[in-house]
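# Residue-level structural notes
One-letter residues, chain by chain:
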Amino acid sequence: MLKRPQRYLLMILSSIAVAWTVLRLLPLKAALGFALVPIAMVLVLIVWARQLFVGRWHTRRRQWEKAVASYQRYEKMLLMNRFSGWLAPLHLGIHTLDGVARTRNLIAQALMQMQKPDEAEGWLRASLQRDPLYAVPYTNLGTIAAWRGQDAMARRHFQKAVDLGFSPVMAEQLFQRARQRARAGRQ
């Protein structure tokens, strides 16, 4: 049985393969018309979900407060808009398809960068309430536990992430980095 990340990756790649096959079988003009529809849809979705991209932009610039504010506006839009399910293509990922869970995890990651682990933990738990099979929040919870010197708790969180399909090698690397940071903070 495939784990969730493998299933999602298979789903994404299968969709791309089907679209490519259909485009190759159609005459050129029909293929161009067929290809323009998803491109137009993606452009509309990008405009609609601009706060997500603004948050990503602020994250790349390490402007954590602005990133959190943008992500929170995006989360609010997802929760209030009954058509937010249409934004699912923007959330195609191998760990979750739930935009709200993913956004809450992004908020938590920015808060972790701002040295606010207690607040980040609340957002991570809220993310897991939306999607308990989302592996990434478990790695972040494990990181916070390691920062606090709670190695056993950190290991449990990282193991849960691995059980859900997160890379064991990456989980171990994240754990070791978090422990190093905790040791450096105690000195």
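Right, let's walk through the structure included here. Model, not experiment: these values are computed from the prediction. (Residues numbered from 1 in each chain as written. Predicted model: local features only at pLDDT ≥ 70, side-chain atom pairs only at ≥ 80, totals over all residues. Heavy atoms only, no water.)

### A short note on the overall build of the protein
Across its full length, the protein holds 9 helices and 0 strands. Overall, the protein shows an N-to-C arrangement of helices and strands of α-α-α-α-α-α-α-α-α. Along the first, second and third principal axes, the C-alpha set of the protein runs to 65 × 40 × 30 Å. Burial statistics for the protein: of 187 residues in total, 40% are counted as buried. Counted over contacts in the protein with a minimum sequence separation of 6, partners at least 24 positions apart contribute 57%. Each charge sign in the protein was given a centre, from 28 positive and 10 negative side chains, and these centres are 8 Å apart. (Helix = DSSP H or I, 4+ residues; strand = E, 2+ residues; numbered from the N terminus. Buried < 20%, exposed > 50% of the residue type's maximum accessible area, 1.4 Å probe, protein only. Contact = heavy atoms within 4.5 Å. Lys, Arg positive; Asp, Glu negative; His and termini not counted. Charge placed at Lys NZ, Arg CZ, Asp CG, Glu CD.)

### Points about helix H3 (residues 50-60)
Listed as buried for H3 are Leu52, Gly55 and His58. The buried residues of H3 occupy an angular sector of 125 degrees when projected down its axis, which confines them to one face. Those residues of H3 that are buried lie in contact with helix H4 (64-80) and helix H5 (99-113). Where H3 terminates, the next one or two residues include Arg62, which has phi positive at roughly 60 degrees. (Arc of directions from axis to C-beta.)

### As for unusual backbone geometry
Positive phi, normally seen in glycine, also occurs at Arg62, with a value near 60 degrees. With respect to the helices, strands and loops of the structure, Arg62 is situated in the loop between H3 and H4. Taking relative accessible area as the criterion, Arg62 reaches 59% and is therefore assigned exposed. A positive phi is found at Gln115, a non-glycine position, where the angle reads about 65 degrees.

### With respect to H4
With 17 residues, H4 extends 24 Å from end C-alpha to end C-alpha; this agrees with the ideal 24 Å at 1.5 Å per step. Taken together, the buried positions of H4 are occupied by Trp64, Ala67, Val68, Ser70, Tyr71, Tyr74, Glu75, Met77 and Leu78. Looking at the packing, one finds that the buried side of H4 touches helix H2 (28-48), H3, H5 and helix H6 (117-130). (Expected span 1.5 Å × (residues − 1).)

### Examining the layout of surface pockets
Empty space within the largest pocket amounts to approximately 680 Å³. In terms of lining residues, the largest pocket is bounded by 27 residues, among which Gln109, Met112, Gln113, Asn140 and Leu174 are the most central. No other element matches the 7 residues that H5 contributes to the lining of the largest pocket. Per-class residue counts for the lining of the largest pocket are 12 nonpolar, 9 polar and 6 charged. Size it by volume and the second largest pocket reaches roughly 220 Å³. If you go around the second largest pocket, the residues you meet are Ala19, Leu23, Phe34, Ala35, Val37, Pro38, Ile39 and Val42. (1 Å grid on protein atoms, 1.4 Å probe; cavity = no way out; pocket = protein on both sides within 12 Å on 5 of 7 lines; lining within 4 Å. Points joined across faces, edges and corners; volume = space filled by probe spheres on them. Nonpolar A, V, L, I, M, F, W, Y, C, P; charged D, E, K, R; others polar.)

### Notes on the packing of helix H7 (residues 135-147) against helix H8 (residues 151-163)
Two numbers describe how H7 lies on H8: the axes approach to 8 Å, and their chain directions differ by 165 degrees. Classified by the angle between their axes, H7 and H8 sit roughly antiparallel to one another. Every pair of crossing elements has a handedness; the one defined by H7 and H8 is left-handed. Of the residues in H8, those touching H7 at Ala135, Tyr138, Thr139, Leu141, Gly142, Thr143, Ala145 and Ala146 are Asp151, Met153, Ala154, His157, Phe158, Lys160 and Ala161. For the contact of H7 with H8, a count of residues per class yields 9 nonpolar, 4 polar and 2 charged. (Axes fitted to C-alpha atoms, helices over the stretch in contact; angles between N-to-C directions. Parallel < 35°, antiparallel > 145°, perpendicular 65-115°, else oblique. Left-handed = near helix turned anticlockwise from the far one by under 90°.)

### What to know about the packing of aromatic side chains
According to the stated counting rule, one finds 1 aromatic pair in the structure shown. Taking the centre distance of 5.9 Å and the plane angle of 75 degrees together, the rings of Phe158 and Phe175 count as edge-to-face. Taken together, the residues Phe158 in helix H8 and Phe175 in helix H9 (residues 168-186) connect sequence positions 17 residues apart. By the burial criterion, Phe158 is buried, and Phe175 matches it. Over the ring of Trp147 we find Arg181, and its NZ or CZ is 3.8 Å from the ring centre. (Phe/Tyr/Trp six-rings, centres within 6.5 Å; stacked < 30°, edge-to-face > 60°. Lys NZ or Arg CZ within 6 Å of the ring centre and 35° of its normal.)

By themselves, these are just geometric observations and shouldn't be taken as functional.
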